[in-house]
Amino acid sequence: MVSKLALRSPTHGAAPNRRLGSVRGVSVPQSPPGHRARLSAPGTSRLSSAAREELRRRLLGLIEGHRVVIFSKSYCPHSARVKELFSSLGVDCNILELDQVDDGASVQEVLSEITNQRTVPSIFVSKVHVGGCDRTFQAHQSGLLQKLLEEDPAYDYDLIVIGGGSGGLSCAQEAAVLGRRVMVLDDVVPSPQGTSWGLGGTCVNVGCIPKKLMHQAALLGQALTDSRKFGWEYNQQVKHNWETMTEAIQNHIGSLTRGYRRALREKAVALVNSCGEFVEHHKIKATNGKGQETYYTAAKFVIATGERPRYLGIQGDKEYCITSDDLFSLPYCPGATLVVGASPAALECAGFLAGLGLEVTVMVRSQLLRGFDQEMAEKVGSSMQQLGVRFLRKFVPVEVSPQHLVARALSGVFLSESVFSWTGVRVQQCSVGRNIFLLSKRNRTGKIPVNDVEQSSVPYVYAVGDVAEGKPELTPVAVQAGKLLARRLFGGRLEKVYHTLFWPLEWTVARRDSNTCYAKIICSKFDNDRVIGFHILGPKAGEITQGFAAAMKCGLTKQLLDDTIGIHPTCAEVFTTLEITKSSGLDITQKGC
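The structure contained in this document is the topic of the report that follows. Bear in mind the structure is a predicted one, so any value in this text is a computation, not a measurement.

1. Quick word on the overall build of the protein
So, step 1. Each helix and strand counted, the protein has 17 helices and 25 strands in total.
So, step 2. Counting every position in the protein, which comprises 593 residues, the buried fraction comes to 47%.
So, step 3. Accessible surface computed for the protein: about 30500 Å², of which carbon and sulfur atoms make up 52%.

2. As for unusual backbone geometry
So, step 1. Cis geometry is found at the peptide bond from Val 120 to Pro 121, where omega equals 5°.
So, step 2. Examined against the element boundaries, Pro 121 turns out to sit in the loop between helix H3 (104–115) and strand S4 (122–125).
So, step 3. Despite not being glycine, Glu 454 has its phi angle at roughly 65°, a positive value.
So, step 4. Considering the arrangement of structural elements, one finds Glu 454 in the loop between strand S21 (429–431) and strand S22 (461–463).
So, step 5. Its relative accessible area of 9% is what places Glu 454 among the buried residues.
So, step 6. Its identity is not glycine, yet Lys 540 carries a phi of approximately 55°, on the positive side.
So, step 7. Mapped onto the elements of the fold, Lys 540 is located in the loop between strand S25 (530–537) and helix H16 (541–553).

3. A few points about helix H13 (residues 374–386)
At 3.6 residues per turn, the α-helix brings residues three or four places apart onto the same side.
So, step 1. Across its 13 residues, H13 extends 18 Å between first and last C-alpha, which sits within 8% of the 18 Å expected from 1.5 Å per residue.
So, step 2. Taken residue by residue, H13 has Ala 377, Gly 381 and Met 384 as its buried positions. All buried residues of H13 lie within an arc of 65° about the axis, which places them on one face of the element. Opposite the buried face of H13, at more than 90 degrees from it, the exposed residues are Glu 375, Lys 379 and Gln 386.
So, step 3. Buried residues along H13 sit against helix H12 (344–355) and strand S16 (390–393).
So, step 4. Between a side-chain oxygen at the N-terminus of H13 and the backbone nitrogen of Glu 375 the separation is 3.0 Å; the capping residue is Asp 373.
So, step 5. Looking one or two places after H13, you find Gly 388, whose phi comes out positive at around 105°.

4. Remarks on a positive patch on the surface
So, step 1. Judged by side-chain charge, Arg 258, Arg 261, Arg 262 and Arg 265 come together as a positively charged surface patch.
So, step 2. With respect to the helices, strands and loops of the structure, Arg 258 is situated in helix H9 (residues 242–266).

5. Description of the pairing of S16
So, step 1. As defined by bridge partners, strand S15 (residues 360–364) adjoins S16 across 4 bridges and the pair is classed as parallel. Across the sheet, residue Thr 361 finds its bridge partner in S16, namely Arg 390.

6. A short note on the nonpolar core
So, step 1. One finds Trp 242, Phe 352, Val 360, Val 362 and Phe 391 to be the most contacted residues of the largest nonpolar core, which totals 35 residues.
So, step 2. When contributions to this core are tallied by element, the ones reaching two or more residues are helix H7 (201–206), helix H8 (208–227), H9, H12, S15 and H13.
So, step 3. The element best represented in this core is H12, accounting for 7 residues.
So, step 4. With residues up to four places along the chain from it excluded, the contact list for Val 362 reads Val 339, Gly 341, Leu 347, Ala 350, Val 389, Arg 390, Phe 391 and Leu 392.

7. A closer look at the side chain of Thr 500
So, step 1. Mapped onto the elements of the fold, Thr 500 is located in strand S23 (residues 495–502).
So, step 2. On the accessibility criterion, Thr 500 (13% relative accessible area) is buried.
So, step 3. Sequence-distant contacts of Thr 500, that is, excluding residues within four places in its chain, are made with Cys 517, Tyr 518, Ala 519, Val 574, Leu 578, Ile 588 and Gln 590.

8. Comments concerning the packing of aromatic side chains
So, step 1. In the structure shown here, the tally under the stated rule is 8 aromatic pairs.
So, step 2. For the ring pair Phe 534 and Phe 548, a centre distance of 4.7 Å and an interplane angle of 25° mean the geometry is stacked. Within this pair, whereas Phe 534 is found in strand S25, its partner Phe 548 is found in helix H16, the two being separated by 14 residues in sequence.
So, step 3. The class for Phe 548 is buried, based on a relative accessible area of 15%.
So, step 4. Through successive ring pairs, a cluster of aromatic residues spans Phe 278, Phe 301 and Tyr 460.
So, step 5. The ring of Tyr 234 carries the charged tip of Arg 228 above its face, separated from the ring centre by 4.0 Å.
So, step 6. Taking the ring centre of Tyr 311 as reference, the NZ or CZ of Lys 318 above it sits at 5.9 Å.

9. Remarks on the pattern of salt bridges
Any two side chains of opposite charge can pair, given that their charged atoms come close.
So, step 1. Across all of its chains, the model carries 18 salt bridges by this definition.
So, step 2. Here Glu 54 makes a salt bridge to Arg 57, at a shortest N to O gap of 2.6 Å. Residue Glu 54 and its partner Arg 57 are located together in helix H1 (residues 49–65), separated by 3 residues, close to a single helical turn.
So, step 3. Between Lys 471 and Glu 454 there is a salt bridge, with the nearest N and O atoms lying 3.7 Å from each other. Of this pair, Lys 471 sits in the loop between S22 and helix H14 (475–491) while Glu 454 sits in the loop between S21 and S22, placing them 17 residues apart in sequence.
So, step 4. Members of the salt-bridge network, linked through shared partners, are Arg 52, Glu 109 and Glu 113.

10. Structural notes on the packing of helix H2 (residues 77–88) against helix H4 (residues 133–142)
So, step 1. In contact at an axis separation of 9 Å, H2 and H4 are set at 25° when each is read in the N-to-C sense. By the criterion of interaxial angle, the relationship of H2 to H4 is roughly parallel. Seen along the crossing, H2 lies across H4 with a hand that is left-handed. Across from His 78, Arg 81, Val 82, Leu 85 and Phe 86 in H2, the residues of H4 making contact are Cys 133, Thr 136, Phe 137 and His 140.

Calculation criteria
Residues numbered from 1 in each chain as written. Predicted model: local features only at pLDDT ≥ 70, side-chain atom pairs only at ≥ 80, totals over all residues. Heavy atoms only, no water. Helix = DSSP H or I, 4+ residues; strand = E, 2+ residues; numbered from the N terminus. Buried < 20%, exposed > 50% of the residue type's maximum accessible area, 1.4 Å probe, protein only. Areas by Shrake-Rupley, 256 points an atom, 1.4 Å probe, with all protein chains shown as cover. Expected span 1.5 Å × (residues − 1). Arc of directions from axis to C-beta. Contact = heavy atoms within 4.5 Å. Polar contact = N/O pair within 3.5 Å; in protein donor to acceptor, adjacent residues only side chain to side chain. Patch = residues over 30% accessible without salt bridge, like charges linked within 9 Å, V, L, I, M, F, W, Y side chains within 5 Å. Salt bridge = Lys/Arg side-chain N within 4 Å of Asp/Glu carboxyl O. Lys, Arg positive; Asp, Glu negative; His and termini not counted. Charge placed at Lys NZ, Arg CZ, Asp CG, Glu CD. Pairing = 2+ DSSP bridges. Core = buried A, V, L, I, M, F, W, Y, C linked by side-chain atoms within 4.5 Å. Phe/Tyr/Trp six-rings, centres within 6.5 Å; stacked < 30°, edge-to-face > 60°. Lys NZ or Arg CZ within 6 Å of the ring centre and 35° of its normal. Axes fitted to C-alpha atoms, helices over the stretch in contact; angles between N-to-C directions. Parallel < 35°, antiparallel > 145°, perpendicular 65-115°, else oblique. Left-handed = near helix turned anticlockwise from the far one by under 90°.

Read these as spatial facts, not as claims about activity.
Put into structure tokens, the structure is as follows:
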């Protein structure tokens, strides 16, 4: 069954005797047979901002209210092919013929703003923009079209994301861009010291961002010391003000969290400040800070709760110790500090605290930076010792009180220290999924085992970021994983990855490693192998990336790269000769010139 759609004018806000958006003097372009109908030029309809917004609202209403919507032109052969496809599938579709409505040019212009597609047909299935004729047939051949047609509208949301950190926000926003109904549940359980924070997760609030800013504060202090050797003379005593630093950092973090909230609103993503708990299949209970409970259902769920520092489990740890959750907003300078553990975050915190002029001791049970190259780890330790950081090797804490810390050596000797006015605990991260009753399995650390596509043991539950077992605990990884997961679930986009190792000419005479530098591009199969990801590890990476970034904005494809003659000898020319796909599993190591 085919239904003809019409955009009706509202009873107010439009000029008398005219349909909303119709403009005198604008003609609908006639396309020759075999060519896609295309809007003449942007802005030709001269819609007022109010009329444009009203037209946009009505278009989205049509898309939301119908299972299949085809924006077409009656003379377009590509539109006819799509109509025949849905007819052969026995699918009811609703069609708006843009050449048969007074304001067709205005409709197509606003539609192009929504979809970034300037041609017809433009097809929406279950509120997802499939694309034009070619992409619709590709979706049909890949099975994606049938998947979209089978979506169950009975749920409150297409996707509920639990956790408003880097991975969760990335996934939620990408799913919303793809036309899905999305909710984000985000709530931070205060630390034992009462510290809490807003949207954005660990990285923004108690991780990468404040950590780097405090590191920058330490570097500025070091630069002051070095400046005397470069001729700078100053007599006034320079000292650091902890309160000024933390206030400035927290103000910056606040601006970031407000930006995240605004981005979710703009993409119509519902944000609920509550903890989530699965109660049955496809159903979750959301409990806010006041204990109020609300229930929501969704077709799919993504767990992106990240991790929190783990306490030591000894007497006095939660009463007298703080963690990185508390450090970055601590209202007073901590003074002499003990950092327990030697993870990357622990050493980073120890490093900038020492750089700010504090007395810092790191207690290490065994290795520095476990899991990393130990030669490099020991060099990091030696460098920190030169900066004044003290290391207590092969000790574990046993008890903490306001007066002293008791530690035990692995050899059995006990140590009692009373020099610390503050004790910082930073052993390792643990998953925060304790308040989430998962229908899927979890391992003993609370991490969720997932397969190669982030899917848990329950088919409709996924996990991204630090909470996923076996995944790198890095913000960029979580961001990319969240975005790609949303595309796999809702966009039907398929990517092809080309990569290689390479040996810069500058490294050859010095005999530096021939298999350190790495180049990779990611191409969209559904978009003429357009390059959508660009990666390089090697000399002049920034300059190389900047040049290719402009090309990507102009629609760079793999074929264009292959057709480009490389400038020799340069590192950048490697991108004109990429042949091996990652999925092929072929060897990419360099064995000669």
